[in-house]
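Structural features, examined
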Amino acid sequence: MIRVGIIGVGTVGQSVANILRKNKALISARAGKEISVVKGAVRDLSVERRVDIPLTDDVNEILEDESIDIVVELMGGIDTPYEIIKKALSRGKAVVTANKALLAYHRFDLQQIAGEIPIGYEASVAGGIPIINALKVGLSANEITAIKGIMNGTCNYMLTKMIREGVSYEEVLKEAQELGYAEADPTFDVGGFDAAHKLLILASIAYGIDAKPEDILIEGIENVNQDDIDFAKEFGYSIKLLAIAKKIDGQIELRVHPVLIKQEQMIAKIDGVMNGISVIGDCVGETLYYGPGAGGDATASAVIADIVEIVRAGQSSPMLGFKKPFQSEDLTLLPKEEIRSEYFLRMLVDDAPGVLASIAQVLGKHGISIETFLQRPSENAKKATLLCATHTCREKDILSAIDEIENLPHTSAKVAMIRIEA
Ligand code: NAP
Ligand code: HSE
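Turning our eyes to something else, we now look at the site of ligand 2. The environment of ligand 2 is formed by 13 residues, the closest being K100, T154, Y181, E183 and D189. In this structure, a nitrogen atom belonging to ligand 2 sits 2.7 Å away from a main-chain N or O atom of Y181. Here a nitrogen atom of ligand 2 and a side-chain polar atom of D189 are 2.7 Å apart. Among the secondary structure elements, those contributing two or more residues to the shell around ligand 2 are helix 7 (153-165) and helix 10 (193-207). Tallied by class, residues from the shell around ligand 2 come to 4 nonpolar, 4 polar and 5 charged.

Now the structure itself:
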């Protein structure tokens, strides 16, 4: 029998314990051995939970229990789970984790520490979608040219409801939290950090690149407002938080931000808590993966898949994309300011002669060509909202132009910018 200890019996941990009990015969048959959860660790034993496993508030009761084969870390955070996983590995226990925040920082050192001991992390990206396995195994013949994904269920749920039903940002965030989609600190979701953590994990598998969150462009959905939504609808776009990795001339571009994306694109049709990831390989072409990106049972499905793989294979699979010393080439990260995109700008300005011309002049000076320009009346009769879409230009140039526009005498507020994904 394989004995499992779960550290963190919250939304996902409870689902893991319950599914392993409910589908025990099936899962054991697939793994080739009986799998049992023998203990769970929590912070507060007085909280009522829907599980029937012995609980402790001392993680060492799991880590120091010689009979436990696999430690499942589902507590969240970075520093404490890092120490816990290191201790589990040092005692020869296999580890399964859904913790993308931890892996965003420590995936390479954990792989080194683990050596041949398996670490499963399928649940860390896109909840129930087996995207890690697809990249690590299914697409291993391919050079990956691009990954584009909706990887945060909370943001996708929020944007869908804001666009379709006009629900306010605050109200829909509260709903996502109640449904168990959001992180303990939801700024990780709405700020784009959670999607960035997931992107970094996928980029390690695809490219072997050891980037950290602070190295890449990350913007959240906090500033998306009704004007942006109206513009998007009028011009046939949807608004999505996309995580993008691209290989361009031997460099890797990594970024997370809201995008305007044409409604007819497949990824624009992925709504609600669902996640969708498009992976383009040089042999296979485009492949698309779709499924629930958050929620207890969907995430537990991926956690248990790792447990089954560890039990069945009984050997380590490389935690990252490449087995040393065979990594093909050393790829570097494209500097954020060199990223190229089309952009949408929203500006509140005085409704006066020459204002539009002065803005067009600034854009022209920075080599930015305008694709669409629209003026909308604002609540204040003396002001107007200008909406502008550009042709492709460099991030560095658009940021300089925005800075200059914000300093023009007729500009009243910060310029809002959303990238357009062609
Ligand atoms: P959660 O509901 O907040 O549960 C966390 C659990 O960890 C709770 O049972 C908590 O105990 C326990 N815990 C926290 N600190 C602890 C400590 N120092 N010692 C012992 N136990 C501790 O979180 P979750 O939503 O299940 O998420 C767990 C992990 O899965 C996170 O890394 C998250 O990013 C990841 N994940 C979540 C989802 C999702 O949809 N929820 C999807 C994919 C990945 P108490 O209950 O006593 O406070
Ligand atoms: N908070 C995350 C999300 C959970 O909303 O996608 C799944 O990783």
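Tallied over the full model, the rule gives 28 salt bridges. A salt bridge links D271 to R164; its shortest N-O distance comes to 2.5 Å. Of this pair, D271 sits in the loop between strand 10 (251-262) and strand 11 (274-281) while R164 is found in helix 7, placing the two residues 107 residues apart along the sequence. A salt bridge links E406 to K414, with the shortest nitrogen-to-oxygen separation between them at 3.6 Å. We classify E406 as partly exposed; its relative accessible area is 21%. Among the charged side chains, a network of salt bridges with common partners joins K100, E183, D194 and K198.

Before going further, it helps to spend a moment on the nonpolar core. Most often, soluble globular proteins keep nonpolar side chains buried together rather than apart. Within the largest apolar cluster, 83 residues are counted, with the highest numbers of intra-cluster contacts made by I131 and I147. For this core, the element with the highest residue contribution is helix 10, accounting for 10 residues. Aside from chain neighbours lying at most four places away, what touches I131 is E122, V125, A126, L202, I277, V279 and Y289. The next biggest cluster of nonpolar side chains, apart from the first, holds 31 residues, and it includes V9, V12, A31 and V51.

Thresholds applied
Residues numbered from 1 in each chain as written. Chains lettered and ligands numbered in written order. Predicted model: local features only at pLDDT ≥ 70, side-chain atom pairs only at ≥ 80, totals over all residues. Heavy atoms only, no water. Near = heavy atom within 4 Å. Polar contact = N/O pair within 3.5 Å; in protein donor to acceptor, adjacent residues only side chain to side chain. Helix = DSSP H or I, 4+ residues; strand = E, 2+ residues; numbered from the N terminus. Nonpolar A, V, L, I, M, F, W, Y, C, P; charged D, E, K, R; others polar. Salt bridge = Lys/Arg side-chain N within 4 Å of Asp/Glu carboxyl O. Buried < 20%, exposed > 50% of the residue type's maximum accessible area, 1.4 Å probe, protein only. Core = buried A, V, L, I, M, F, W, Y, C linked by side-chain atoms within 4.5 Å. Contact = heavy atoms within 4.5 Å.

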